[in-house]
Every structure is written in structure tokens, then in C-alpha cells.
There are 2 protein chains.
Amino acid sequence: MKVNVRIIPPDRELKLKAGDNLRSALIETGIPLDSPCGGQGTCLKCKVQLSGVSQKHTELELEKLSREELDGGWHLACQVKIEAAGEVRLPEVEISRAKASFGLLGEEIALQPNVRGISFKLSRPSLSDQRADWNRLAAYLEKQIEGPVSTELSLLRELSARLREWHFSGEAVAVGSEVVALDPPGSTGDRLGVAIDIGTTTLAAGLVDLGTGRVIAIDAELNPQIAFGADVVSRIMYAQEAPGNRTKLQRELVRGLNQLLVRLCRSARREKDRIFEATVVGNTTMLHTLLGLEARNIALAPYIGGLNQSLDLPARELDLQIHPRGKVHVLPSIASFVGADTVAVILAAKLHRTRTPKLAIDIGTNGEVMLATRKGVLTASTAAGPAFEGGRIKYGMRAVRGAISSFQAAPELNYSVIGGVAPKGICGSGLIDLVAELYWTGILDQKGRILLPAEISSRRAGKLASRVRARKQAREFVIFSDEKREVVLTQQDVRELQLAKGAIRAGVELLMKEAGVTSGDIQEVLLAGVFGNYINRERAVTLGLIPPFPLEKIHFIGNGAMDGALKALLNLEERRQAEKIAAEAHHIELSGRPDFEATFLRCLSFGN
Amino acid sequence: MKVNVRIIPPDRELKLKAGDNLRSALIETGIPLDSPCGGQGTCLKCKVQLSGVSQKHTELELEKLSREELDGGWHLACQVKIEAAGEVRLPEVEISRAKASFGLLGEEIALQPNVRGISFKLSRPSLSDQRADWNRLAAYLEKQIEGPVSTELSLLRELSARLREWHFSGEAVAVGSEVVALDPPGSTGDRLGVAIDIGTTTLAAGLVDLGTGRVIAIDAELNPQIAFGADVVSRIMYAQEAPGNRTKLQRELVRGLNQLLVRLCRSARREKDRIFEATVVGNTTMLHTLLGLEARNIALAPYIGGLNQSLDLPARELDLQIHPRGKVHVLPSIASFVGADTVAVILAAKLHRTRTPKLAIDIGTNGEVMLATRKGVLTASTAAGPAFEGGRIKYGMRAVRGAISSFQAAPELNYSVIGGVAPKGICGSGLIDLVAELYWTGILDQKGRILLPAEISSRRAGKLASRVRARKQAREFVIFSDEKREVVLTQQDVRELQLAKGAIRAGVELLMKEAGVTSGDIQEVLLAGVFGNYINRERAVTLGLIPPFPLEKIHFIGNGAMDGALKALLNLEERRQAEKIAAEAHHIELSGRPDFEATFLRCLSFGN
């Protein structure tokens, strides 16, 4: 039996099957519902307000939801069995559209793109020169580009009519050696390219005018796959659950990318079918889901992907809506957890060409560590998890309106909230700030325990101590509280952050050990990903996320992965460098090392 | 308004639009109806019997159809306007399935195909060897074939599961450098290829086991495009008439090819998705319609095609139903009327390597002439038209049941009919025989006039003279006549044959002139196409179709085009030779020569 359910927003009437799980049913129909725990009832993110139906709360809901929420008809969608027609109100959705920051601005990149425009003016056919149309055009173009050219059947199908209409002159657009489009003579049509960074959480794209080399628009969008799980492992699990799921992940991702392209082109007032090439970076799981490859073995020891090589393919094979004959270049990956995004960071930061030791750390939903010396680049991946982005944190949220984004503990608790409203939760940067401040004030000890007022010895704690409370044996630090809601940091939240921090620090330590360098040898530390956007350098040192480097050695490089994708789009030599990086980087599989466990445990502690 | 019309055979009820032309409506719905004149009411081939409706005969029908036909309710479909529901009986359809004859049998071709099988046994992944699955397989295969390998996304999508199922061993099938299929370890799956010759009238295909090099099945099929016109020019015109027609020609052709493939595989008991590559030859118009390219400029001076180069493309782009990742190699053409079929004949006959002058003539629906000397190969195309295949001949028909296939004039008229039934018409070989005999007996003079009994001077004519009659000012030779029907040769039929003969002979003369050789210099004459199958050597000399060569210099090479396609399938070096032939052959455009007209007029006469 089907029942009519009205979903607000977007105010859409759906026919859902009675008896089905509401969360699953909504996700199936493409309604974006944030549920990082995958429906296990632990993340508390899939709250919906039901009306027109009197649905009983489950025991789990009664335990997890506030009085206010219960009274207001709020439920966890993952706990609701669809029973009767009614209305489902979704929480206000705000999509992070934070522009990715780019480090490229200072650097001049020589324009030598794979996409080229070539004017042609052919001799007219005659009884004494009966070369076929393509033979004639190809011969001309081959002289211009000094190499063979090819094209697709669909272009050949329109070639003869176009050549005659244009009196055998025109402008050809080639991607590599393939002619993908023909324009009338004298045309000044755009030749655009797009660099895409597929993050587990965020899709970012930069639109480039390949005629001038200018980046003309940059934008970001939530990865729609997030409805199927917050991290790569939960997406891999989802893909395995049912036969069509792999395809579904692929389609959702491409749908998100296509939306992003539409927005980019609208803001730059360009046509998306003038985009002739896309360069793509991302972690290997994201690239596997983009290509529709099986990713399950990435998550199982010995962590083997289907493909780490670079790949050139027609955009239409992925249904990426650029020019119908446009091409996609996926950059190569190094290992299953050191993807093309890391290759791109190395490329952007020129780590592969350094003469002095440099350390780079890229934190997205995973954390990659790179250590470059004259002998080459060592890489490691760390199971940092999504804590730095607010994932698996009770009141964690993305950096959108209502998120506390920074803290100051002394002389008393001060924080700023995005949008200047009452706080709803904490985003990644706020979390790091808060934990670092609580450690500094002595409310957190070195082992990460929240101390009760009686246990606190530091004088720095001051009035903050009164905010610590114990609830059901678990300790919490109360950040905000009024009659309607509260925002707290739990002991479990601190543990999540410690695991993330420990993983990254252990990676740094082991790479230094492998390369035989000490932190004193390292001349520069580059922080990419969320670091660049949100994390304070001093606090990263305070917490011990990185060794105690002098602050002047630490630089933010923003979204280095996007920078690398742009470089590969703008310059073919950079693209060749990316191949070299992937082939020559030496990946250290941390889980395979006997000294990993001890190092990791040591690195869980706060401080340096 | 739509009316119900039952079509028998195949006994199918169609809803046709009242007021529409019956011939067009039948062809639109895919009913095969032979109508080489394209609906102009001149070929008289689209006869249909109407019942259940009393349709008046048009004036043209009253003139062209016999009393018997008129009384029996027969009409010309091209003259019928659909008015009311009823029944349409089509004439008995018999499709020529004459097996193409092959000259290859005597020649040993080294097996060096583009399709290869490569066994692999990979090292198992481990924490110390984390190469991705494709990287691992590609590295292995690249060592085996000493060059880079690639593959398609669809294979990558199944790769990881297959490798694990087969414990990292198996058999790869590569077409060129692309891996197109994976088989389990120890598999003895076929690796098949197919050579295809697309004639204007006949599609021929040879199925080859590329593991052994054996041709395992050969078959032919009527080109279904014949419903849209008998010759290349009428098909080109059809393609221009309406926007969808080009696609329709393409689909019909591929439908015919796919039927042929099904039959080939059934007779050889093989699976069609074990065919990994097809080599394709044909005249340029047929290749243009196969690829869906615009062919109109082929028919207009200066006769320019869209593409004469060879082309490699995925079979699925054409919807050719071989292995889903199988490839198609279309051989190169020389000029708009000297197609890949001619390249294939040159390849098969090794004309490009000859040290003594050799002449070759290939007659399909068009006639191509090749003259090879030590200096290279000269080619010409002649507008021979379809007369040699019975086209544009009043009682002309293909070589099927009821066709007169040979004549003997002395001591009296003797002929043989295919199937041993009463004659219905004359096929190409019968036509040549008859005209040659009538010329020899003096009933035809050198200029091709049918002489009335009073005008005949030769004693050889004997009783045959009485078969000549004049009807409405046009003279006819009566071959067969009873109460129900007659079969005659008209003066117009003789003219058609003369035009065809004159065109070919002029081509031969002009190529000899161009090369500076005389017929005495020519060491060998190779006759391909319908010649090999049907035309008697002596009569070709008697008529003056070819210069008076000693008979021992004249050899039939059967379907040389198919032989060439097979060679290109079996051996990559032969395929490279085909490229060389197309690049180096010197094409003489006859219509561009000042001496063409006079030579052609001189060659219209019979005799040598």
C-alpha cells in the first residue's frame, strides 16, 4: 500500500510505501537528508517533524530527543516506519557554499593547455584535388599541430555540411589530438575548462578560460552522496548493500557536479557546452564512485583499489554535462588512501622538486601526510575520520549559520557564531579551538579527560570549571544553554578528536623516522584542506597535532588539491609532472608497520 | 484518417494513413519492396496485388501492366494512393543468398591478427604491494605485448570482482592495445573476427577463427537499403529527402549486417559476442551510410566524400552486435568512387607489388578499373550502372529462381533457368550471354541496334530472326512467351548494357593511355565481382567489354573485396599495406579528362 506524504521543503508530494523506513524512503527519492551514521540512530542528524499523523516515539527517540523536540512532533527519520498519509517537515537545510580558497593566486602558470583552438582555411575541392572532407581538414590541422589528429563519428557526421556552409574555413577546437568542435570562421567562442576536486563532503570546481588562463569562477557544493554516509567507508558499505547502489552513488555524485557546473556557468555568464575539458582530483574512493568502479577492496586489507592510474575518457561516459564531445582527465592516485587529491597537493606545492625537507598535511574527511626531501616524496594516509569537520561529534555541524566557529576561553568563554544567531552546534574549527582552550586552561588533562570542578588544579580554568557536569556517568562541558536548547561538548567528542589528532601525528612521526629527519630539519610545514580554512596554527601546535614547529615555518596553502587540478588543466607539462609524482612517490602503509600501534597510542595525548 | 491494411507476406496488420502513397508507406514501416527507380513508375518492380478494395488503375498502370496483371488486381505500389482498408499481397520474395566465392583458398596468410589472447597470472596484492587491480594487470600485460595497454570503463567496473573470483589469473583478450574481455583461467573461449563486404546490392561476411586463422563460415544477404533505391545515387537522394532518412539508411544497413552475423554464428555454432573485431570494406557511399555520414557531395561534382581514411571505432557506436567492447576497422578508400572494396581487391590480388603490368576490373553495382605497373597502381571508376546485375533492364532480376542465367544461340535458342522453372526474367550473366550471342549471330549490329528480320544479313541468325518484333516503334527480341507471360529483351535494355560496357572499356583504355602501356604489355587480367561469378570470359571479349586479351591471361578472382577484408582481419601487416595502397594509388578522375567523351562514344560499339 502506498500513502501520500508531503515533504516540506521542497513541498513535494510523494507516494511512499507503508511499512518502509522513512529515512531510507526519503533518500531513495533523492531528498537530501544528512545522516552520517547511516541510519543507526546514533548521529541524531536526521530529525524530521511529523504532522497530520500521530506517530509514537520509539524508546531510542525518547532517550535521545529533548522534551521540546518530543513535544514538537520531532522524530528521527531512521526510527520512523511509514504508516499513514501526512506531512514531513525537514530541518532547515543550509548548504555550505564556502568558496574554496586558492593558493595559486600568487603564482604565474604558463598557459599550455590540452585544449587548443586552431583556425583553418582549406583549399577548395576540385576534380584535381578530390580529397575527402575529413582527409582535407585533418591534413591541414596535422601540419598546424605537428602530429596526427582524430575525431569522433558525431563530428564527422556534421563536417561536410559545416565546411560548405563556411566555405571551407573555420575554427577547430582540439582536446589533445582530438578535434571535438568546429566553429564558424572568425568565431570568438570560449574555450573553457573546469578543474574539479571531489571531496567526501564537498565538491569544488574552478572554471577557467583556457584562452586567457584566467580562473573566472569558483564554487563549491555539498557532495550529494552524503545522504548515503558521511565518510568513505560508509559509502563503500552502502555501495555493497544492493546491486543498484554503486550506480546510484555514481549518479548522485554526477548530479551534484552538474549542478555545480550550471551554477559556475551562470555566475560567469558562460555556456557549459563551451567547457571542453575537466581535470578531476579526489580521494580514490570518490574517484571510484565517480567512475562507477567497485571500491570495496579499498576498505579491506591490503586496501587495493581498482585503478590508480590517470584516465582520459569522454565526459558523456560519466554523463558530465560539458560539451558533448568534451573530455575528462582524472589525475593518478598513489595508493588507496593517498589519492589524486594528494598528488595535486604535491604538484601545487612543488614538493616533488624540493631541495630541503618539507612536511605537508592535508585534512579533508581523511588526513594525508607528505614528507618531501631531496630523495623524493614519502606519503602516508591516516584514519583521521571526520572529527575535524564536525563529524561524529554530538553537536558537530558544518560551517554554516548557527555553527560556533571559534572560541576564546580567557578571561571568560567567548565564541563567535556564523550568522550571528544563537548557537546550534560546533563546526570543525570551533571544536579544535574549544578543545585546545580547554586543554590550555586545564579543564582537559593531557590524556583528554574532562575534569570535574573538584579535579581541576589549573588557575586558568576560572569560572569555566562551573560549566563541567556529569550526566549518566559521562562528563560534558556546557557551551550554551537556554530554555529551548543547549550545546555541549561530551567526553566522547573529545575522544573522537584525540583519535583524529593521534592518527595524524603518528603519521608525521613515522614519516620523519622513515626519512631519517627530525622536526628540526624540516624547513617548511604546509597545511592544506580544512587547516587552511579554519584551524589556528598555534592551537594545532598546542594540541600536538603537529610537532612544535616555529610558527613562521607553518604556512597555509588552502585547497591545494584544487590548485593542483587547476595546474593540470592549464598546463600539460604540469599534467606530466603529476604522472611522475604518482609513479615515484613512496607510500608508507602505516598499518603494515610494527611500530605503528605504539606511536599512535603515544600520540593520543594532548600537548607537545 | 488511418485505415487497416493487411500485408501478406508477412501477414501483418498495419495502420496506414489514407491518402499516402502505398510504396512509401510500406517502405517506411520496414516492408522490403524492391523499387530501384525510387517510385517513378519506370522499373515496374513494386507490383502488389490488392484485394478487398476496388482501386482504379492509373493510366501508367494501364500502359505498363499486362492484361493478366490488370485483371488479377495487380498494381504498381508507387502508383497507389491508400484509400480504404484491405489486403495487399506482395510478390513472392526470394533473397539471393549466393555464397560469395573466395580466391583466398589457395593462399597461405600468416596469422598475425589484431585480436590476441594473453594468459595472465598476477602476484597477489599485499601490504607491501598495494598496486591497484588495473595497474597490476596492465603492468603484466604491457610486459607481454611490449607496449602500453588500455581498456574501457565497463571492463574496469567488473575487473576487481573477476580478479578475486579467479585468484588473479585469467585470459585477457586484446584488440590492438585495448583489453576488451577477460576470461577465467584456462578458458578456451573463441576469439573470432568477421570480414564484411558491404555491396550496394549484397552484404557478404566471412567469420574467422582468429586462434587458428580458419574461415569457418561465409554467407551473404541482400542489402536491406535496396528498398530505398537500387544504386548509390538513388540512396544518396533518398538520404537527402527528409531529415531522418540518413539515420534510417544507417539502421537498415546495420540491421541487415546483424541478421547476417546471427546466421553466420548459427551455422558455425559460435557465439556472436565472441567476435572481437570486424574489418569492413565497401564502396564509399556504402561506408558513408554505415557510418551515418553525409554522402550527398559524393554524387555532385567534384565528387567529395566526408571521409576516405581508415577508421577504428567501437562496434557499439554503430550498434553492430558483436562483443559489446568489440571494434570495427573500416579500411581506407582511394576516392569517392574507388572505395575500400577496391583497396581490398588490390590487396587481395597483390597489385601494389606487381613487377609486370596487370589489369583488374571489379564489377558490382559500379565498375572499378585498376591498372598496376612497377610504377604503382592507377585506378578509375566508371559509371557502369547496375545493368550487369540486371538493373534497369525490363525483365532484369537478380540471380534467383526463375532467372535465365545463360544462353546459347546456335543451332537454336537454348537457355538455362535457375531452379529449372519457367523463366520469369534475366539475370546479369544471362543478359551478357544473350547480347553477346545476338551480336555474334548478327541480330544486333555493331552499334547495338536490334535488326528486323528483313535487315539481318548474317546466316548465323537462322530461325532466331523470327523472334524479333517491333512494338510501338521499339524493337524487341522475344525470349519466352506463353499464354500467361513473356520475357523479352528490348532495344532499351541493349542500350543500357552498351552504356555500362562502354563506360568500363573507356576506363580501361584511358588507364592504359595514362600508364603508357598497350593491351599487349598487360600480362594478366583479373576479373572480380559479378564477373567471377557469372560472366563468361569469351563473351566479355566478344562484346568488347575488355580488349582482345588471350583467354589464358584472363583470371577470375571471385569476390576480391572480401578476400582483402579477410586478409586485413588475419594479418596486421596486410592492414598496413591497405593504408599504403590507399595513400599511394593514383586515381584518374575520368570525367575530368578532355579525352573521355570521345573514348566513351567509341567504346559504346560492340566488338573488338
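Calculation notes
- Residues numbered from 1 in each chain as written.
- Chains lettered and ligands numbered in written order.
- Predicted model: local features only at pLDDT ≥ 70, side-chain atom pairs only at ≥ 80, totals over all residues.
- Domains from an automatic or database assignment.
- Contact = placed C-beta atoms within 7 Å.
- Helix = DSSP H or I, 4+ residues; strand = E, 2+ residues; numbered from the N terminus.
- Nonpolar A, V, L, I, M, F, W, Y, C, P; charged D, E, K, R; others polar.
- Buried ≥ 20, exposed ≤ 12 C-beta atoms within 10 Å, placed from the backbone.
- Least-squares fit on C-alpha atoms with pLDDT ≥ 70 in both.
- Pairing = 2+ DSSP bridges.
- Axes fitted to C-alpha atoms, helices over the stretch in contact; angles between N-to-C directions.
- Parallel < 35°, antiparallel > 145°, perpendicular 65-115°, else oblique.

1. A short note on the domain arrangement of chain A
Residue and element names in this part refer to chain A.
Then comes step 1: Annotation of chain A at the domain level lists domain 1 (2–89), domain 2 (94–330), domain 3 (350–386 + 497–603) and domain 4 (387–491).
Then comes step 2: Between the C-alpha centres of domain 3 and domain 4 the distance comes to 28 Å.
Then comes step 3: If you look at the interface, domain 3 gives 15 residues, while domain 4 gives 16 residues.
Then comes step 4: Those elements giving two or more residues to the side of domain 3 that touches domain 4 turn out to be α11 (491–515), α12 (530–534) and α13 (537–543).
Then comes step 5: When its residues are assigned to classes, the side of domain 3 that touches domain 4 shows nine nonpolar, five polar and one charged.

2. Examining the interface of chain B and chain A
Then comes step 1: Facing 35 residues of chain B, the contacting portion of chain A comprises 35 residues.
Then comes step 2: Of all elements in the fold, only α4 (133–145) and α5 (153–165) of chain B reach the threshold of two or more residues within the side of chain B that touches chain A.
Then comes step 3: A total of six residues in the side of chain B that touches chain A trace back to one element, the largest contributor, which is α5(B).

3. Let's talk about helix α6 (residues 232–241) of chain A
Then comes step 1: Taken as a whole, α6(A) has its buried residues at Val232(A), Ser234(A), Arg235(A), Ile236(A), Tyr238(A) and Ala239(A).
Then comes step 2: Here the buried face of α6(A) lies against α7 (245–268) and α8 (284–291) of chain A.

4. Let's talk about the relation of the copies chain B and chain A
The pair of chain copies shares a relation made of a rotation about an axis and a shift along it.
Then comes step 1: Mapping chain B onto chain A leaves a residual RMSD of 0.2 Å; the transformation is a rotation of 180 degrees accompanied by 0.1 Å of translation along its axis. In short, the pair behaves as if placed about a two-fold rotation axis. No C-alpha of chain B lies nearer the rotation axis than that of Glu317(B), which sits 6.3 Å from it.
Then comes step 2: A share of 100% of interface residues in chain B that are also interface residues in chain A marks the association as one of identical surfaces.

5. Here's the deal with the environment of Leu371(B)
Residue and element names in this part refer to chain B.
Then comes step 1: Here Leu371 lies in strand β17 (residues 367–373).
Then comes step 2: Leu371 sits 14 residues away from Pro357 along the chain, and the two C-alpha atoms are 7.1 Å apart.
Then comes step 3: When near neighbours in sequence (up to four residues on either side) are disregarded, Leu371 contacts Pro357, Leu359, Leu378, Leu511, Met512 and Ala515.

6. So, the sheet that holds strand β22 (residues 468–471) of chain B
Residues and elements named next belong to chain B.
Then comes step 1: If you trace the three strands from one edge of the open sheet to the other, you get β22-β23-β24, paired in antiparallel fashion. Among the strands making up the open sheet, the edge pair consists of β22 and β24 (486–490). Ignoring strand direction, the axes of neighbouring strands in this sheet form an average angle of 45 degrees.
Then comes step 2: Here β22 runs beside strand β23 (residues 474–481); their pairing, made up of four bridges, is antiparallel. Note that in β23 the partner of Arg469 across the bridge is Glu476.
Then comes step 3: Against the sheet, helix α12 (residues 491–515) contacts β23 and β24, and its axis sits at roughly 55 degrees relative to β24.

7. Observations regarding the sheet that holds strand β2 (residues 12–17) of chain B
All names here are of chain B.
Then comes step 1: Spatial strand order, β2-β1-β5-β3-β4: five strands in an open sheet with mixed pairing. A single partner strand is all that each edge strand has here, and the edge strands are β2 and β4 (74–76). Each neighbouring strand pair of the sheet contributes to a mean axis angle of 35 degrees, computed without reference to strand direction.
Then comes step 2: Relative to β4, strand β3 (residues 47–51) is paired through three bridges, and the arrangement is antiparallel. Across the sheet, Val48 pairs through a bridge with His75, a residue of β4.

8. With respect to the packing of helix α9 (residues 340–349) of chain A against helix α14 (residues 560–570) of chain A
Residues and elements named next belong to chain A.
Then comes step 1: Relative orientation of the contacting elements α9 and α14 amounts to 75 degrees, with a least axis distance of 7 Å. Classed by the angle they form, the pair α9 and α14 counts as roughly perpendicular. Where α9 approaches α14, its residues Asp341, Val343, Ala344, Val345, Leu347, Ala348 and Ala349 are matched on the opposing element by Gly560, Ala561, Asp563, Gly564, Ala565 and Lys567.
Then comes step 2: When its residues are assigned to classes, the contact of α9 with α14 shows eight nonpolar, two polar and three charged.

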